[in-house]
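# Notes for the structure review
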Amino acid sequence: MDKKVKDKKKEEYRSAEDKAARYFESLQKQLVDKAYVSRLTSDFQTWKINHIHSPSILSYFSRKKRKPRVKGYRPYIEWLNYAGKLDNYLHRSVSYLYMRDLGKTLFSPFTQERVNEAVGKVKNYLLKKETKEDNFSVSSIYKLAKKDAVEHTMIWVMEKLKRVTSHIPAGMSVEHAQRKILKILAGVLMHELEERRTMDLSDEERQLRLEKAIKLGFYYGLTYPLIDDLLDAHILSPEEEERYSALIRSTLETGIVPHFGLWHGENKELISFIHNELKEAFEYMKKQHDNQTWELFLNQSYIFFHSQEVDRKKKLTVSTYSNEEIYIPVILKSSASRQIVRSLINAPEDEGYDQRTFYYGIYNQLADDLADMFEDKKDGAVTPYTYYLTYYQTRKDLLNPFEMYWTVISYLIHDVYHSDLKTQEVLLDRAVNGLKRLKEKLGNEKYNDLMGILTKDFPVFNRLLQQMVEKSDDVDFFDKLLRDHMISILKENHREQEAFSEMIQSSRGSIDNMLPITENAQLKKDIVTEAANYSLTGNGKRLRPVITSFIGEKEWGLDNAQIAPLLRSVEYMHTASLIFDDLPSQDNAAMRRGRPTLHEVYDTATAELTGLFLTQKAIEEQANLRGFDESRILQLIQYTTKATADMCKGQIMDLESRGKKLSLQELNTLCFYKTGIGFEAALVMPAILAGVPEEVKDLLKKYAYHAGIAFQIKDDLLDAEGSKEILGKESGMDKDNNTSTFVSVLGVEGARKEMWEHYSLALDIVDAIPKKTNFLRYLVDYMVNRNR
């Protein structure tokens, strides 16, 4: 590497370090002089007028004054609206985002106009009837993207996010990685939307800018879990960490991603994947810049990475770090992380923004470090708080980080934002809310013990602080509520998806055991039964009988042992349809379920007879159901025979469509008859036995229609893009057979969009079904995210 390049980066870092040192000196002087105490004491006297209220008899009995007992995102929003507090709640929340993320001054009339406009939009969205049950699901995000014609890009984000988080190693949090990526993406979008507000753009230009911002936000967001969090987690060996850091450093110094080369260590596969993902991200970001703006981005990224590395290499066991060594890297990394965003989207230079974010960053970092100090200490991480807690009794020269925290707040209010009352209001709201959350997290005893350590040198000011913590209200923020809600959703989704996958595997095992058919002892060689068992014992997904089993037992309360014949019936019908589908006269498939198809092992005539045999066995199993009303069993058999007949019609439609270019509507109809009916049967058959009302069965049929089409589109995409090893059958057969598919009609991207359309519609129907488990939600999610 060119020595001049290295020296230049070091010089730029030293320059940033000098600036941070001057800022630190200013803060240190105010801290030592206790200047923050008198300033903030006066500020709190003004502030508490709006936040500490003496209770009255009327307020005691007023339902409006009582916070909801049930915690959660939706109940709290509804309570705020009912109590007349929602406007102020959103106003301080949006104001804070404009100050923190966009670097705006709150005393600007233009900023206030934008804040009021944003508050109105957020409020309208939160109070919409259709969003009452909306938990920021994938479906709702897709619909929002569709309004701005960027649904293709959002699909790309969702699929990339799943791919990346599926590679998050044990020892790191998948939910944290997802949340961090989405948070960064949202931050970049905020900057883009703010920048383009004053531009005269066509609809096409707006769409292109928005698509670019989404991708830039996602790619930049990747760096947090795949670089910072990975290096902090100590998953890599010391040698691997050193080499990985060297790869990142070289990239930021030269602007070129080094070749991966040989890798020695047990994490080779993980690092190879990360290297490919980050290389793709880096090269995309580079294409969006000219030389000048790209150099600015690299400089800021280098400062951020190097200051992180300086902190990462510190050891909590080393007792000799100076105050400057503790605080200056914090100032650098916390300010650079925000300044990167504007250079990322090619925003014009804004000296005011740069100055404000430079001074502001340490406030956020100290707030985060305060909340996480005990987790950080357990991990051995050196932060101002963990270092102080470790050495405050032996190092009297150490600056108290809690004092530094309040010094920074005072400095921001009076020296950066010129004593602006709105800024004072928002920053003190945020600080008091942070202490309230910390007290709730730690519990009273541990919180009081901690405060005893951190506030021993300013007891009078601490009494004022704790009075604010104890008595004040209306200091909470929407972004914190949303963060908690998102973490809860991500954790619950991850837990339930894992439980769903485990349930699928477990159910498959028990269903596999009940499928084999006993051979006829009167026959010397029962070829048909032997052939049927060959087809049944392949490596099938068993998705349809799994659906029937779960829905029958969990939704409708049927006894699983009692409906065992129904489970066999469902799989016999499905396997029969595959046998017919694979025949030389139809798809002429050579592989099915990871091994040769039935007609390849036996012959065509045996395959045809075996398919017929299994359809009859399916009806026989239904006739063997016991303990149900006979009229329901008859209704079930009537439904099954009609469904089987309709599936035959679908196969004929498929054969007749060969060589023809179908319309999307024709393709949807064909897909429903070929695939959707099978899923419909799996859902409706147990509902028939349970005597479910017709309107519910109609909803199940609509769900099956959309879920079945989504499933078929995924099949078409896998056929176009998958491999034989993963699929268990040959890929590319649709093209070889000149079959019209969603891919051939719409193209890969169009097919993927259509799949997500049906995915979203299926989820909408799930919300309308009276009995709600998350099974149907995770079922369609599984359908569109499977790899075989």
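Residues numbered from 1 in each chain as written. Predicted model: local features only at pLDDT ≥ 70, side-chain atom pairs only at ≥ 80, totals over all residues. Heavy atoms only, no water.

Which entries qualify depends on this criterion: UniProt positions are given in the numbering used here, feature names are shortened, and annotations may be inferred rather than shown by experiment.
The protein chain carries the name Geranyl transferase in an unreviewed UniProt entry, which gives Niallia circulans as its organism. Quoted verbatim from the Cofactor (unreviewed entry) field of the UniProt record, the comment on the protein chain reads "Mg(2+)". The protein chain has a UniProt comment under Sequence similarities (unreviewed entry) that states "Belongs to the FPP/GGPP synthase family."

## Focus: the pattern of salt bridges
As a reminder of what qualifies: A pair is scored as a salt bridge if a Lys or Arg side-chain nitrogen falls within 4 Å of a carboxyl oxygen belonging to Asp or Glu. The numbering of helices and of strands both runs from the N terminus, where a helix is a DSSP run of H or I of at least 4 residues and a strand a run of E of at least 2. Only protein chains enter the accessibility calculation, which uses a 1.4 Å probe; a residue is then buried when its area is under 20% of its type maximum, exposed when over 50%, and partly exposed in between.
Per the counting criterion, the structure on display carries 52 salt bridges. When the shortest N-O distance is used, the salt bridge between Glu 375 and Lys 441 registers 2.9 Å. One end of the pair, Glu 375, is in helix H16 (residues 373-379); the other, Lys 441, is in helix H19 (residues 421-442), with 66 residues separating them in the sequence. You can call Glu 375 partly exposed: its relative accessible area is 36%. Overall, Lys 441 belongs to the partly exposed group, its relative accessible area being 44%. With a shortest N-O distance of 3.1 Å, Arg 437 and Asp 484 are connected by a salt bridge. One end of the pair, Arg 437, is in helix H19; the other, Asp 484, is in helix H22 (residues 478-514), with 47 residues separating them in the sequence. A residue is classified by how much of its surface remains accessible, and Arg 437, at 28% relative accessible area, is partly exposed.

## Side note on the domain arrangement of the protein chain
Which entries qualify depends on this criterion: An automatic or database domain assignment provides the domain bounds reported here. Two parts lose some accessible area (1.4 Å probe) when they are put together, and adding that loss for both gives the buried area. Residues adjacent in sequence count toward polar contacts only when both atoms are side-chain atoms; beyond that, a polar contact is any pair of N or O atoms within 3.5 Å, and within protein one must be able to donate a hydrogen and the other to accept it. All amino acids are sorted into three groups, where Ala, Val, Leu, Ile, Met, Phe, Trp, Tyr, Cys and Pro are nonpolar, Asp, Glu, Lys and Arg are charged, and the leftover types, Gly among them, are polar.
What the domain assignment reports for the protein chain is domain 1 (146-288) and domain 2 (491-785). If you average the C-alpha positions of domain 1 and of domain 2, the two centres end up 38 Å apart. Between domain 1 and domain 2, a total of about 930 Å² is buried, with carbon and sulfur atoms accounting for 60% of that surface. The tally of links between domain 1 and domain 2 comes to four salt bridges. The salt bridge involving Lys 753 is made with Glu 151; its shortest N-O contact spans 3.6 Å. In this assembly, domain 1 and domain 2 are joined by three residue pairs in polar contact (both at pLDDT 80 or more). Counting residues per element, the ones that place at least two in the side of domain 1 that touches domain 2 are helix H8 (151-165) and helix H9 (174-196). Top contributing element to the side of domain 1 that touches domain 2 by residue count: H8, with six residues. For the side of domain 1 that touches domain 2, the class distribution of residues is three nonpolar, one polar and five charged.

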